[in-house]
Amino acid sequence: MTTHGINIGLPGGGGRMGGMLICEIAQADDLFLVAATDRADSPYIGQDSGEVAGLASNGVSLGVDPASLFLKADVVIDFSAPDASMHHAALAAETGKAMVIGTTGLTPNQE
């Protein structure tokens, strides 16, 4: 465990798994949600991610720019879609940030 906590970026924050992760991060003393995004066509864009997840406001609005996740976070946790995960992985490599991918349905080449 770190003494300063871990800043988390979360793509897919408006989805089912994103909401679950927002709830889990909110319960942890050493994890801090600092950025969350969703698809550009999501009805949740601009809304508070805590409220979208069924919690109180957490001050983190859902945006559309995945690069913002990697600018603000120590680690990005991705449970989005295969193509989006590949884009996020490229951003992680460019920025040198850690990334956890839990996305399913990746092709062998994507893996």
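Residues numbered from 1 in each chain as written. Predicted model: local features only at pLDDT ≥ 70, side-chain atom pairs only at ≥ 80, totals over all residues. Heavy atoms only, no water.

1. So, helix H1 (residues 16-27)
Item 1. Its twelve residues give H1 an end-to-end C-alpha distance of 17 Å, which sits within 8% of 16 Å, the value for a rise of 1.5 Å per residue.
Item 2. Among the residues making up H1, those that are buried are Gly 18, Gly 19, Leu 21, Ile 22, Cys 23 and Ile 25.
Item 3. If you follow the buried residues of H1, they end up packed against strand E1 (6-10), strand E2 (31-37), helix H2 (49-52) and strand E4 (75-78). (Helix = DSSP H or I, 4+ residues; strand = E, 2+ residues; numbered from the N terminus. Expected span 1.5 Å × (residues − 1). Buried < 20%, exposed > 50% of the residue type's maximum accessible area, 1.4 Å probe, protein only. Contact = heavy atoms within 4.5 Å.)

2. A short note on the sheet that holds E2
Item 1. In space, the five strands of this open sheet follow the order E3-E2-E1-E4-E5, with parallel pairing throughout. Each edge of the open sheet is held by one strand with a lone partner, namely strand E3 (62-63) and strand E5 (98-101).
Item 2. Relative to E3, E2 runs parallel, the two being bridged by two bridges. Bridge pairing links Ala 36 to Leu 62 in E3.
Item 3. Packing against the sheet, helix H4 (residues 82-95) makes contact with E4 and E5, and its axis sits at approximately 160 degrees to E5. (Pairing = 2+ DSSP bridges. Axes fitted to C-alpha atoms, helices over the stretch in contact; angles between N-to-C directions.)

3. Some thoughts on the environment of Val 64
Item 1. Examined against the element boundaries, Val 64 turns out to sit in the loop between E3 and helix H3 (66-72).
Item 2. Note on Val 64: relative accessible area 46%, which makes it partly exposed.
Item 3. Separated by 52 residues in sequence, Val 64 and Gly 12 have C-alpha atoms that sit 9.6 Å apart.
Item 4. Those residues in contact with Val 64, other than ones at most four positions away along the chain, are Thr 37, Asp 38, Arg 39, Ala 40 and Ile 45.

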